[in-house]
Amino acid sequence: DWQKKTANIFNSYVDTLYNRSVKRLGELIAKTSDGNESFYVFNPLSWQRTDYSDYLYNGSSSISVVDKITRKEVPFQIITKKGKQYLRIEAAGVPSLGYKVFEIKRKSTPSVFPVQIAVTDSTIENKFYTIRFTKQGVITSLYEKLNKKECVKPFDKLYFNDLGSGLANDGDQVKIENNGAVSVTLVANSYKPVKHSTRLTLFADNERIEIENYLLQNPDAKPVTYSFSFNLNKPETWHEEAGAILHAKKIAKGGHYADTANRVDWLALNHFTDMSDTQNGVIISNRDAYFMKTGNSTPTNLDDTSTLIKVLATAQVDNWLGMVNQDGDDYFEHFFALKPHAGSFNSATAMQFSLQHQNPLVAQKVTCGNGYDGTQFSLFTISDSSVIVWALKPAEEGIGKGIVIRAWNFSNSDKAVTISSTTSIARAFGITHIETNDEQLPVENGKLKTVIGHNRLQTFRIFFN
């Protein structure tokens, strides 16, 4: 009870800050005087993105949506999420750590964009994939068109996003929830093997496959896992654990897990896991789960040859570790995203993919103001795609003591990077993670040029002119 009370207080506090922040930014962005409704799309990540964005919208569908930079109409559709209506658009070229503004124009008839996603009773298809999806929310086939590769191969009669039903097809008829020029969402509801609902979303111009799982009953003490069985040859498994990218093998085999005195049945699962061979692989972005198991791993034996990953949803491991009956809870969310890829594992690519899934573009109404540009803005740009901004904040002592930026180099080699901004940088310091100054760094022509060590997290303090 104390844990739940504390979590509710924390969530309420963070949600309040978030809601105030998105509203305040909308008040600061300059608005044109033509009377049309406009909204910004904010990108919290450190590279330019093209992705979908959902804007809370109660107006007419007889509209066009215009990119205020290109002045071109963008694809859109009206969707419903949790009883609320949103305008979903495809937002192209949203700047790093910044925003782009879009305008809604009334029309006598709505702009029409072609629907590029085909749906039948059990199949959904876009230009990237053909997917077979059962009434129990299981993906039994994922065919990647570019590489002409089937990504699913059953292991112990288990497929993708499989709670244990395999090819069984008991449940309600798969329904189309949203269908338009940007995306299509299918919904499957079933009582087997536990009561659950699954949403599968494909996009017209995005390679991400989104999966939303909702467990709708208390699972008692039995473990509930989502299985993913890959069509790979001699695969390697990688995953992130709290700031480290780990190779799921023991040290004697070239991995990162100790050969003795450890437990290797359930491995920590943070933002992602990736299973690949030398030719192909699949990234699984994970928003909610904490642990995963490779194949038939036991507490003392790490199964590093299997093509199966099980993601732990709920459980009492060994029938005693964990919360008894999940403390009576009967509702659980587990959101995943999938992306097949050619070639072997790349840590920066996997992390970028998972961060884009777990940090969607933020949309909010532009009301008035003159503090920020009315078309687009970018606070920082990083020159190397292997380096990702991990944190961005005012200094602990206040904004007068600078902006703190923490960057993570995902490469196995040192990287020379340039950190630049639309505002000229005056001074910069390399600092510790607890924000004590280490050394002043050279700034050239308003840009910070520095070297970040391989696999290193580095923190900087930056002052603008």
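Please read these numbers as outputs of a predicted model, since none were measured by experiment.

Chemist: Got a minute to help me understand a nonpolar patch on the surface in this structure?
Modeler: Where nonpolar side chains cluster on the molecular surface, the patch consists of Phe10, Tyr13, Val14 and Leu17 and spans about 420 Å² of accessible area. The residue valine 14 is located in helix α1 (residues 2-28) in this model.

Chemist: Before we go on, may I ask you to explain the packing of aromatic side chains in this structure?
Modeler: What describes a pair of aromatic rings is the distance from one ring centre to the other and the angle between the planes of the rings. Enumeration according to the criterion identifies 21 aromatic pairs in this entry. Aromatic pair phenylalanine 228 and phenylalanine 336: ring centres 5.7 Å apart, planes at 80°, arrangement edge-to-face. Here phenylalanine 228, found in strand β17 (residues 224-229), pairs with phenylalanine 336, found in strand β25 (residues 332-342); they are 108 residues apart in sequence, far enough to count as distant. For phenylalanine 228, a relative accessible area of 0% translates into the label buried. Pairwise contacts between aromatic rings join Phe160, Tyr226, Phe228, Phe230 and Phe336 into one cluster. Stacked on the ring of tyrosine 86, the Lys or Arg lysine 81 has its end atom at 4.7 Å from the ring centre.

Chemist: I'm lost on the sheet that holds strand β35 (residues 447-452) in this one. Help?
Modeler: The strands making up a sheet are joined through hydrogen bonds of the backbone, oriented either antiparallel or parallel. Read across the sheet, four strands follow the order β28-β31-β35-β34 without closing on themselves; strand pairing throughout is antiparallel. Looking at strand neighbours, the two that pair on one side only are β28 (381-382) and β34 (443-444), the edges of this open sheet.

Chemist: Help me out: how do you make sense of the side chain of asparagine 280 in this one?
Modeler: Secondary-structure assignment places asparagine 280 in strand β22 (residues 280-286). Relative accessible area serves as the criterion here: at 13%, asparagine 280 is assigned to the buried category. Once residues lying within four places of it in the same chain are set aside, the contact partners of asparagine 280 are Asn147, Lys149, Leu232, His341, Ala342 and Gly343.

Chemist: Is there a simple way to think about unusual backbone geometry in this case?
Modeler: Negative phi values dominate among residues other than glycine, just as trans dominates among peptide bonds. Following lysine 192, the chain continues into proline 193 via a peptide bond in cis, with omega recorded as -10°. Here proline 193 is to be found in the loop between β14 (183-190) and β15 (196-203). Non-glycine residue aspartate 156 carries a positive phi angle of around 55°. Look at asparagine 445: it is not a glycine, yet its phi comes out positive at around 55°. Its place among the elements puts asparagine 445 in the loop between β34 and β35. Here asparagine 445 falls in the exposed class, since its relative accessible area comes to 80%.

Chemist: What exactly am I supposed to notice about the pairing of strand β1 (residues 37-43) here?
Modeler: Regular strands place their side chains on alternate faces of the sheet. Counting buried positions over the seven residues of β1 gives five, a clear majority of the element. Examined bridge by bridge, β1 and strand β6 (residues 98-106) share seven bridges and lie antiparallel to one another. Within the sheet, the bridge partner assigned to serine 38 lies in β6 and is glutamate 103. Sheet topology places β1 next to strand β26 (residues 362-365); four bridges connect them, and they run antiparallel. Paired with valine 41 across the strands is alanine 363, a residue of β26.

Chemist: Can you help me understand the nonpolar core in this one?
Modeler: Ranked by internal contacts, the top residues of the largest apolar core, which has 47 residues, are Ile131, Ile139, Leu142, Phe228, Phe230 and Leu338. With near-sequence residues (within four places) excluded, isoleucine 139 lies in contact with Ile131, Arg132, Phe133, Val152, Tyr159, Phe160, Leu200, Ile211 and Leu338. Counting residues in each nonpolar core, the second largest holds 17 residues, with Leu97, Phe380, Ile425 and Ile452 among its members.

Chemist: Please clarify how the environment of tyrosine 57 should be interpreted in this entry.
Modeler: Relative to the assigned elements, tyrosine 57 resides in the loop between β2 (49-56) and β3 (63-67). Taking the relative accessible area as the measure of exposure, tyrosine 57 reaches 2% and is therefore buried. For the pair formed by tyrosine 57 and lysine 84, sequence separation is 27 residues and the distance between their alpha carbons is 8.4 Å. Leaving out residues up to four positions away in the same chain, tyrosine 57 has contacts with Glu37, Ile63, Ile78, Gln85, Tyr86, Leu87, Ile104 and Arg106.

Chemist: What is the right way to look at the pairing of strand β4 (residues 76-81) in this model?
Modeler: Sheet topology note: the β4/strand β5 (residues 84-94) ladder contains six bridges and is antiparallel. From the neighbouring strand, isoleucine 79 faces β5, where its bridge partner is tyrosine 86. Here β4 hands over to β5 after two residues, with lysine 82 in that stretch at a positive phi of 50°.

Chemist: Explain the sheet that holds strand β29 (residues 387-394) to me, please; I cannot follow it from the model alone.
Modeler: Strand order in the open sheet formed by five strands is β29-β30-β36-β32-β33, and the pairing between neighbours is antiparallel. Edge positions in the open sheet fall to β29 and β33 (437-441), since each of these has one partner strand only. Direction aside, the axes of adjacent strands within the sheet are offset by 30° on average. Bridge count for β29 against strand β30 (residues 403-409) is seven bridges, and the pairing is antiparallel. Along β30, the bridge assignment pairs proline 394 with isoleucine 403.

Chemist: Teacher, can you tell me more about the pattern of salt bridges here?
Modeler: Close approach of charged atoms lets side chains of opposite charge pair. Inspection of every chain in the model, using the stated rule, returns 25 salt bridges. The residue arginine 263 makes a salt bridge to aspartate 265 at a minimum N-O spacing of 2.8 Å. A relative accessible area of 4% places aspartate 265 in the buried class. Residue glutamate 435 is joined to lysine 393 by a salt bridge in which the shortest nitrogen-to-oxygen separation is 2.7 Å.

Chemist: For this particular structure, what's the right way to read the environment of arginine 427?
Modeler: Counting through the fold element by element, arginine 427 comes out in strand β32 (residues 425-431). For arginine 427 and phenylalanine 464, which are 37 residues apart along the polypeptide, the C-alpha to C-alpha distance reads 7.0 Å. Residues contacting arginine 427, with those up to four places away along its chain left out, are Gln440, Val443, Arg461, Ile462 and Phe463.

Chemist: Explanation requested: the side chain of aspartate 54 in the structure shown.
Modeler: Within the secondary structure, aspartate 54 is located in strand β2. Within the structure, the side chain of aspartate 54 is placed 2.7 Å from the side chain of arginine 88, a separation counted as a polar contact. Leave out the neighbours within four places in its chain, and aspartate 54 touches Ile79, Lys81, Tyr86, Leu87, Arg88 and Ala363.

Chemist: Would you mind showing me how to read helix α2 (residues 347-358) here?
Modeler: An α-helical segment advances 3.6 residues per turn. Residues three or four places apart therefore align on the same side. Between its first and last C-alpha atoms α2 spans 16 Å; for twelve residues at 1.5 Å apiece the expected length is 16 Å, and the two agree. The element α2 is largely enclosed, with a buried count of eleven among its twelve residues. Of all the positions in α2, only Ser347, Ala348, Ala350, Met351, Gln352, Phe353, Ser354, Leu355, Gln356, His357 and Gln358 are classed as buried. Two or three places before alanine 348, at the start of α2, stands the capping residue asparagine 346, its side-chain oxygen 3.2 Å from that residue's backbone nitrogen.

Cut-offs applied
Residues numbered from 1 in each chain as written. Predicted model: local features only at pLDDT ≥ 70, side-chain atom pairs only at ≥ 80, totals over all residues. Heavy atoms only, no water. Patch = residues over 30% accessible without salt bridge, like charges linked within 9 Å, V, L, I, M, F, W, Y side chains within 5 Å. Areas by Shrake-Rupley, 256 points an atom, 1.4 Å probe, with all protein chains shown as cover. Salt bridge = Lys/Arg side-chain N within 4 Å of Asp/Glu carboxyl O. Helix = DSSP H or I, 4+ residues; strand = E, 2+ residues; numbered from the N terminus. Phe/Tyr/Trp six-rings, centres within 6.5 Å; stacked < 30°, edge-to-face > 60°. Buried < 20%, exposed > 50% of the residue type's maximum accessible area, 1.4 Å probe, protein only. Lys NZ or Arg CZ within 6 Å of the ring centre and 35° of its normal. Pairing = 2+ DSSP bridges. Contact = heavy atoms within 4.5 Å. Core = buried A, V, L, I, M, F, W, Y, C linked by side-chain atoms within 4.5 Å. Axes fitted to C-alpha atoms, helices over the stretch in contact; angles between N-to-C directions. Polar contact = N/O pair within 3.5 Å; in protein donor to acceptor, adjacent residues only side chain to side chain. Expected span 1.5 Å × (residues − 1).

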